[in-house]
Amino acid sequence: MLTDLGITPREEDVYRTLIGRPDAGVDDIVAQCGAAHGPREVADALDALCARGLVTRTSDGASFAATSPAEVLGAELMGRRERLDRAELALAGLVEAYRVGSMGRAQRELMEIVEGTEAVGRRYVQMQLTARSSIDFFATGGHRAVGPETTQESRALGRGVRLRGVVDEEFLSQPQGSDNLDASLRDGTRIRTVREIPLKMIICDGETAMLPLHGQGTEVNPSLVLRGGPVNVARALFEAVWEKARPYTEAVREIESVDARLMRLLLAGLTDATAAAQLGLSTRTVQRRIQALMARAGVTTRLQLGWHARDHRWV
């Protein structure tokens, strides 16, 4: 039934009749409808349908034809969906306003929303500068609010703060990604790698955490700052990922530094081409260096080379 779209049962009967009988006149439609609708009722229904664009008159005005329901009613449905979506958003806003207004002050202090890229970057830096004992973080590519040029890791390390970070392949694939990690390693940050991190995040002193409000992805604006009990969830997530991640460490100087960096990138999951771009080498040069390392290790496969590199602390 089309009553939900504002079409009366009589108008629907007339419209369905026209679909089956193109270019029908009023008398034809009345004959098809039987005793259900008289000429006056059919004429009124046709006027209403013409006003909706569902029916058109022929040039002589004596007969009528149905137009495509997909075009007319489809557009109406789309408009109604859009209005419904706006209503749902407005309702969600009212619900949130009611929830926040109903919360006590202590509850509101458990979480805070930070909006604006600059504001998110400032809060991230503030958390690093005020950390007393530890900073744990997830990092991926697509720097928006905080990048290597604005991070305060070295200052935190200088105060004796312990830093641990998990980065993913997207981070390593960024320009200077491996250079930034090597600098962090030299400063004293412990780094591990995974194929993909769940989301960007920083946890300071196990007491305060900041993460994107909308979860996974590179967009950190707006961000959610957590305190108190909710931070325990963020801590548990970090520890679970940290335990399964691969260490990314400084190599013993048994091989050239470029080869040590190459092995770390390969063990982190990067392709030859991506690793070559990070090192400023051609793909063929990278492949030749891998062959040379395999010969030096006395192995015949890359898997064996990876085990050898770990056992002999090349990475």
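Residues numbered from 1 in each chain as written. Predicted model: local features only at pLDDT ≥ 70, side-chain atom pairs only at ≥ 80, totals over all residues. Heavy atoms only, no water.

Participant: Describe in detail the pattern of salt bridges, supporting the description with residues and values.
Facilitator: Any two side chains of opposite charge can pair, so long as their charged atoms come close to each other. On inspection of all chains with the given rule, the structure shows 15 salt bridges. Between Asp205 and Arg132 there is a salt bridge; the shortest N-O distance is 3.5 Å. With Asp205 in the loop between strand 8 (201-204) and strand 9 (208-212) and Arg132 in the loop between helix 6 (117-130) and strand 5 (134-139), this pair connects stretches of sequence that are 73 residues apart. On the basis of relative accessible area, Asp205 is assigned to the buried category, the value being 14%. (Salt bridge = Lys/Arg side-chain N within 4 Å of Asp/Glu carboxyl O. Helix = DSSP H or I, 4+ residues; strand = E, 2+ residues; numbered from the N terminus. Buried < 20%, exposed > 50% of the residue type's maximum accessible area, 1.4 Å probe, protein only.)

Participant: Can you lay out the packing of aromatic side chains for me, pointing to particular residues and giving the numbers?
Facilitator: Scanning all chains against the criterion turns up two aromatic pairs. Consider the rings of Phe138 and Phe238, whose centres lie 5.3 Å apart with planes at 25 degrees: the pair is stacked. Pair noted here: Phe138 is in strand 5 and Phe238 is in helix 10 (residues 231-244), with a separation of 100 residues, a long-range link. Both residues of the pair, Phe138 and Phe238, count as buried. Centre to centre, the rings of Phe238 and Trp242 are 5.9 Å apart; their planes meet at 20 degrees, and the pair counts as stacked. With a gap of four residues between them, Phe238 and Trp242 both fall in helix 10, about one helical turn apart. By relative accessible area, Trp242 is classed as buried at 2%. Three or more aromatic residues joined by ring pairs make a cluster, and in this case those are Phe138, Phe238 and Trp242. Sitting over the ring of Trp242, Arg164 keeps its end group 5.1 Å from the ring centre. (Phe/Tyr/Trp six-rings, centres within 6.5 Å; stacked < 30°, edge-to-face > 60°. Lys NZ or Arg CZ within 6 Å of the ring centre and 35° of its normal.)

Participant: Outline the environment of Leu163, listing residues and values.
Facilitator: Examined against the element boundaries, Leu163 turns out to sit in strand 6 (residues 162-168). Considering only alpha carbons, one finds Leu163 and Ile191, 28 residues apart in sequence, at a separation of 8.6 Å. If we ignore the near neighbours within four places in the chain, the residues touching Leu163 are Ile135, Phe137, Glu153, Ala156, Leu157, Thr189 and Arg190. (Contact = heavy atoms within 4.5 Å.)

Participant: Describe the packing of helix 1 (residues 9-20) against helix 3 (residues 39-52), with residues and values.
Facilitator: It is the contact of helix 1 with helix 3, at a shortest axis distance of 9 Å, that shows an interaxial angle of 80 degrees. Here helix 1 lies roughly perpendicular to helix 3, going by the angle between them. Between helix 1 and helix 3, the contacting residues are Arg10, Glu11, Val14, Tyr15 and Leu18 on the first element and Glu41, Val42, Ala45, Leu46, Ala48 and Leu49 on the second. Here the residues of the contact of helix 1 with helix 3 are counted per class, giving eight nonpolar, no polar and three charged. (Axes fitted to C-alpha atoms, helices over the stretch in contact; angles between N-to-C directions. Parallel < 35°, antiparallel > 145°, perpendicular 65-115°, else oblique. Nonpolar A, V, L, I, M, F, W, Y, C, P; charged D, E, K, R; others polar.)

Participant: Kindly report on the nonpolar core, identifying the contributing residues and their values.
Facilitator: Counting residues in each nonpolar core, the largest one holds 45 residues, and the members touching the most others are Ile135, Phe137, Ile202 and Leu305. Filtering out sequence-adjacent residues up to four positions away, Phe137 remains in contact with Tyr124, Glu153, Leu163, Arg164, Gly165, Val166, Thr189, Ile191, Met201, Ile202 and Phe238. In this structure, Ile7, Tyr15, Val30 and Phe64 belong to the second largest nonpolar core, which totals 19 residues. (Core = buried A, V, L, I, M, F, W, Y, C linked by side-chain atoms within 4.5 Å.)

Participant: I'd like a description of the pairing of strand 9, backed by residues and values.
Facilitator: The element strand 9 is largely enclosed, with a buried count of four among its five residues. Relative to strand 9, strand 8 runs antiparallel, the two sharing three bridges. Bridging from a neighbouring strand, Ile202 pairs with Met210 of strand 9. In textbook terms, the turn of a hairpin is the stretch between consecutive antiparallel strands, and for strand 8 and strand 9 this stretch comprises three residues, one of which, Asp205, has a positive phi near 60 degrees. Of the pairings in the sheet, the one linking strand 9 to strand 10 (residues 223-227) comprises five bridges and is antiparallel in character. What sits directly across from Thr208, in strand 10, is Arg227. (Pairing = 2+ DSSP bridges.)

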